[in-house]
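# A look at the structure
Residues per chain, in single letters:
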Amino acid sequence: MAFGRLEKPTAHRPMSEINVTPLVDVLLVLLVIFIVAAPIMASRLALELPQSSPAAMASDTGVAARVSIGLDAAGQAFWDDQPVDGEQLAQRLADAARRDPATEVQLRADTAVPYGRVVQVIGLAQAAGLTRIGFVADPAALTPSAPAR
């Protein structure tokens, strides 16, 4: 009378393999995060800029010679409020550099002037040998009560 098996039922064996799929998923997510975050962290420039009030900016900086160059909205250059072309500007900058290499160029540019035109004027000044370049701003626009444009 054999109603059942004579064999002993086998128990479940422990699993000997590790499931690495969740580990790979986590590592891929971390890799993507680092790929995105690395350029952001590398391009950060930490500067501690000096703070000054507009009245202090207008004070004497100790520069003996100054040259005022203006750029209107059309990009026309002005030397001490007199219009000049590119060749005249380059010649006058070279003359100023010969007289005193420490001459400061004070650049006043309209807000509508393209950035490329401002860079051209800076390049002319540097080519002439003038390395001290200051950017003139409207003190009224620097006060906290003035609305942002």
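As the structure is a computational prediction, the values presented were derived from the model and not from experiment.

Scanning the model with the defined rule gives three salt bridges in all. The salt bridge partner of R98 is D95, with a shortest N-O separation of 2.3 Å. One end of the pair is R98 and the other is D95, both in helix α3 (residues 86-99) and three residues apart, which spans about a single turn. Residue classification places R98 among the exposed residues on the basis of a relative accessible area of 60%. What makes D95 partly exposed here is its relative accessible area of 24%. Among the salt bridges present, the one from R132 reaches E104, with a minimum N-O distance of 3.9 Å. Of this pair, R132 sits in strand β5 (residues 132-135) while E104 is found in strand β4 (residues 104-109), placing the two residues 28 residues apart along the sequence.

Moving on to the sheet that holds strand β1 (residues 66-71). Paired through backbone hydrogen bonds, the strands of a sheet run either parallel or antiparallel to each other. Spatial strand order, β3-β2-β1-β4-β5: five strands in an open sheet with mixed pairing. What marks the edges here is a single partner per strand, and that holds for β3 (82-84) and β5. Mean inter-strand twist for the sheet, computed between neighbouring axes without regard to direction, equals 30°. Bridge analysis of β4 against β5 gives four bridges, and the strand direction is parallel. Among the inter-strand pairings, V105 is bridged to a residue of β5, identified as I133.

Our next topic: the pairing of β1. Most of β1 is tucked away: five of the six residues are buried. Pairing analysis gives six bridges linking β1 to β4, with the strands arranged parallel. Residue pairing in the sheet places I69 in a bridge with L107 of β4. When β1 meets strand β2 (residues 77-79), the two strands line up antiparallel, connected through three bridges. Among the inter-strand pairings, L71 is bridged to a residue of β2, identified as A77.

Moving on, we come to the nonpolar core. If you look at the biggest cluster of nonpolar residues, it comprises 18 residues, and the most contacted ones within it are I69, L71, W79, L89, L93, L107 and L130. Elements that contribute at least two residues to this core include exactly β1, β2, α3, β4 and α4 (115-128). The contact partners of W79, leaving out residues within four places of it in the chain, are V67, S68, I69, V84, L89, R92, L93 and A96.

Let us look at the environment of D81. Mapped onto the secondary structure, D81 falls in the loop between β2 and β3. Here the alpha-carbon distance between D81 and L71, two residues 10 residues apart in the chain, equals 9.6 Å. Among the polar contacts made by the side chain of D81, one reaches the side chain of R108 at a distance of 3.1 Å.

Predicted confidence across the protein gives a mean pLDDT of 79, with 73% of residues reaching 70 or more. Looking at the elements of the protein, mean pLDDT is at its lowest for helix α2 (residues 54-57), recorded as 53, and at its highest for α3, recorded as 92.

Relative to the 20 Å expected for 14 residues at 1.5 Å per residue, α4 spans 20 Å between its end C-alpha atoms, a close match to the ideal helical length. Burial in α4 covers these residues: V118, V121, I122 and A125. One face of α4 carries all of its buried residues, which in axial projection span an arc of 100°. On the buried face of α4, the contacting elements are β1, α3, β4 and β5. At the exit of α4 stands G129, carrying a positive phi of roughly 105°.

What counts, and at which threshold
Residues numbered from 1 in each chain as written. Predicted model: local features only at pLDDT ≥ 70, side-chain atom pairs only at ≥ 80, totals over all residues. Heavy atoms only, no water. Salt bridge = Lys/Arg side-chain N within 4 Å of Asp/Glu carboxyl O. Helix = DSSP H or I, 4+ residues; strand = E, 2+ residues; numbered from the N terminus. Buried < 20%, exposed > 50% of the residue type's maximum accessible area, 1.4 Å probe, protein only. Pairing = 2+ DSSP bridges. Axes fitted to C-alpha atoms, helices over the stretch in contact; angles between N-to-C directions. Core = buried A, V, L, I, M, F, W, Y, C linked by side-chain atoms within 4.5 Å. Contact = heavy atoms within 4.5 Å. Polar contact = N/O pair within 3.5 Å; in protein donor to acceptor, adjacent residues only side chain to side chain. pLDDT = per-residue confidence, 0-100. Expected span 1.5 Å × (residues − 1). Arc of directions from axis to C-beta.

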